[in-house]
Amino acid sequence: MTIGVYGDWGSGKSTVVRMVQEQLEREKGTLCVYFNGWLFEGYEDAKAAIIGSILDELADKRRAVEKAGDLFHRLRKRVNWFRLMGWGIKTYFSVKAGLPPAPDAAAVTTEVVKTAADGMEGVIKEAPEGEDNIRRSVREFHDDFEELLKKTDVETLVVFVDDLDRCLPTTVIETLEAIRLFVFVKRTAFVISADERLVRHAVQTQYRDLADPGRDLGREYLEKLVQVPIHVPALSRADIATYVNLLFAELHLPAGDYTTLCQGLLKGARGSIGTEVLFTGATAREALGHDVPAALADDLALAAQIADVLATSTSGNPRQTKRFLNALLLRLQMAEARGVPLQKRITAKLMLLEYYADATFRALARWQSAQDGQPVEIAELEAWRREQDAPPAAPAAQAAEPEKPKAGGVRKAPAAKPEPSSPPSLSPHLLIYTADPWLREWLALEPQLAGVDLKPYFYFAREKVVAFQSAAARLSPAARGVLSKLLSESAAFRGNGAREARDLNAADASAVLTALGEAAEREEDLEADNSAFHAMFQLVESRVDLAPALLAYLAGIPVVRLGMPTPPRVANLRRLAGMEGAVDGLLTTWSKEDGNPRLAQASKMMLERLPQAGGSAVSPELPRR
């Protein structure tokens, strides 16, 4: 049997596999073997590596090996043959002919290669020849391996293959072919942990000559090999909140208390469907059975502040969540070592912006730098956001008839109508930041930043912190593939990259946009068809949820670098729901620029042609990130 544990990069597949392995190892007669395909890549043939790992584990953990010596010897010979086929066959014949080693063996010295080639002669002489002999050898392999399991008292062999989606396509195929050798071996199961999309892509790449248009060869291949597919879902908002709280609990509690806490929560989680936070600051004392340490209570309050936005930003990805928290703690420790006091909650709020809304973070950095750390723009945006949450003004009452006076009395005047409140007006250059649902949620987070001196927080941001690498360095394998295609010289590849971006989660898609922005900063001609700048618009055509982030990025580009084609591209984004004000605001700002008359002229022309805000119907709707 072959089981596929599928999920996005960082979704927790390896953790799930390790938990299952730990559980199975307690069962008598079950032998578990953990194989990391990425670890062996480039060092050994995948077939030889996986079969050799299984034999090594059997030899190490079973004392009955003496009874199966001949079987081990025969199976080891087959491993040597796989190893020869995978790497040594070309090198062997090259060295024997007096030629230099094959290119893939360039890192190995000639003396080592010659010694290995001499040792291969015996293996080659014993190697099966002809199709009939090879088929017979495979059958004998099955028989010998089944007999080996019997003699070593292994009732069930479970092989966990992890990190397969990190490997090159050739290694992925070799590993899957090695697994295929065991498909019909009794009492053997394989558990493959990988991102299904990347494995399917590897199959499609390896067998591209056989693929028909419209045929998903990768899916067909996996369906034949994997009998039981299991998908690891993204964590819900409540799950992320529980996860963050437990990470802080692990940081502050003794190991025994933490284990007891997890066991209690596990029992209480039965029947839960991920809609309730299982461990919070409010329930911590009851869950722990004693007073909550002050440091933990403080961190639980912080988690309550950021968990919802963090869950949205990471698309429920545990690895990205943990990396963010590690980076937060590192930054706070660096500031403490430098003697600079940073408030934890303000640091966390700003780091959310830094990590998940790069263009807006850069804008805030410019504003605070120009205004001694206290930009009026953030105060204006926060005031606008608070107004959005304010209850609507009561509708004006119908004019009341004047009350008839009693005898000798005075007629009372009707009550004055309440004036409806209107939202504070925003400067045109700030309108672009109102279209993003994520940013609106971030603006509502406490604490508010108006009046806070942001200079020390930005001192420790960006390049000051090693944990914050370029956006490209933080991409998942799937996102790196999309970025590579979007930066390709080929228009067809760029189109494929834009289409594949639709399958990325929100965090990966946002990181790809940021990486394109970083590449665009290094370009001389932003208007070139194959530029990263052009690719950003191409990406947004497929991922309309990134449109607000693109506008925020455009607002930060020096206007002298922008050409006349940019305003029409921006105006085209106005068709998206909720983008009218943001697009109009950016075009209005550009129309008043003296530093680039051509850009100003093009922006004015676009404003004159656009319908009034709220006029035409817009489609499609702008989704939440």
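In the block above lies the structure referred to throughout.
Residues numbered from 1 in each chain as written. Predicted model: local features only at pLDDT ≥ 70, side-chain atom pairs only at ≥ 80, totals over all residues. Heavy atoms only, no water.

Peer 1: I would appreciate a short explanation of the packing of aromatic side chains in the present structure.
Peer 2: Aromatic ring pairs are reported here in terms of the distance separating the ring centres and the angle at which the planes meet. Within this structure, the stated rule accounts for 10 aromatic pairs. Considering the side-chain rings of Tyr 355 and Tyr 356, the 5.4 Å spacing of their centres and the 90° angle between planes classify their relative orientation as edge-to-face. The same class applies to Tyr 355 and to Tyr 356, which are both buried. With a centroid separation of 4.9 Å and 25° between ring planes, the pair formed by Phe 361 and Phe 458 is classed as stacked. Of this pair, Phe 361 sits in helix H16 (residues 358-370) while Phe 458 sits in helix H19 (residues 455-459); the two residues are 97 residues apart in sequence, bridging distant segments of the chain. In this pair, the class of Phe 361 matches that of Phe 458, namely buried. Taken together through their ring pairs, the aromatic side chains of Phe 145, Phe 182 and Phe 190 make up a single cluster. (Phe/Tyr/Trp six-rings, centres within 6.5 Å; stacked < 30°, edge-to-face > 60°. Buried < 20%, exposed > 50% of the residue type's maximum accessible area, 1.4 Å probe, protein only. Helix = DSSP H or I, 4+ residues; strand = E, 2+ residues; numbered from the N terminus.)

Peer 1: Help me understand the side chain of Ser 193, please; the structure alone is not making it clear to me.
Peer 2: Relative to the helices and strands, Ser 193 resides in strand E4 (residues 188-194). Here the side chain of Ser 193 touches Asp 162 through a polar contact of 3.1 Å, side chain to side chain. Setting aside its immediate chain neighbours within four residues, Ser 193 contacts Val 5, Lys 13, Ser 14, Val 17, Val 161, Asp 162, Asp 163 and Leu 164. (Polar contact = N/O pair within 3.5 Å; in protein donor to acceptor, adjacent residues only side chain to side chain. Contact = heavy atoms within 4.5 Å.)

Peer 1: Looking at this structure, how should I read the packing of helix H22 (residues 506-521) against helix H24 (residues 547-555)?
Peer 2: Two numbers describe a pair of packed helices, the interaxial angle and the distance between the axes. Where H22 contacts H24, the axes come no closer than 11 Å and their chain directions differ by 20°. When the interaxial angle is binned, H22 and H24 end up roughly parallel. Here the hand of the crossing between H22 and H24 comes out right-handed. Taking contact as the criterion, the partners of Leu 513, Gly 517, Ala 520 and Glu 521 in H22 are, on H24, Ala 549, Leu 550 and Tyr 553. (Axes fitted to C-alpha atoms, helices over the stretch in contact; angles between N-to-C directions. Parallel < 35°, antiparallel > 145°, perpendicular 65-115°, else oblique. Left-handed = near helix turned anticlockwise from the far one by under 90°.)

Peer 1: Any chance you could explain the environment of Leu 266 here in plain terms?
Peer 2: Inspection of the secondary structure assignment puts Leu 266 in helix H11 (residues 255-268). Given a relative accessible area of 57%, Leu 266 falls into the exposed group. The sequence separation of Leu 266 and Leu 278 amounts to 12 residues, and the corresponding C-alpha distance is 9.2 Å.

Peer 1: Please clarify how the nonpolar core should be interpreted in this entry.
Peer 2: Among soluble globular proteins, nonpolar side chains are generally buried collectively. Counting 113 residues, the largest nonpolar core has Leu 352, Trp 442, Val 512, Leu 551 and Leu 554 as the members making the most contacts within it. Counting 41 residues, the second largest nonpolar core, distinct from the first, contains Leu 157, Ile 179, Val 203 and Val 226. (Core = buried A, V, L, I, M, F, W, Y, C linked by side-chain atoms within 4.5 Å.)

Peer 1: So what exactly am I meant to see when it comes to the pattern of salt bridges here?
Peer 2: Side-chain pairing between opposite charges can occur once the charged atoms of the two side chains come close. For the structure on display, the rule yields 25 salt bridges. With a shortest N-O distance of 3.3 Å, Asp 163 and Arg 166 are connected by a salt bridge. By relative accessible area, which is 14% here, Asp 163 ends up buried. By relative accessible area, which is 30% here, Arg 166 ends up partly exposed. The partner of Glu 177 in a salt bridge is Arg 180, and the shortest N-O contact between them spans 2.3 Å. Here Glu 177 pairs with Arg 180, and both are found in helix H7 (residues 169-182), just three residues apart, close to one helical turn. Salt bridges here are not isolated pairs; linked through shared partners, they connect Asp 8, Asp 195 and Arg 197. (Salt bridge = Lys/Arg side-chain N within 4 Å of Asp/Glu carboxyl O.)

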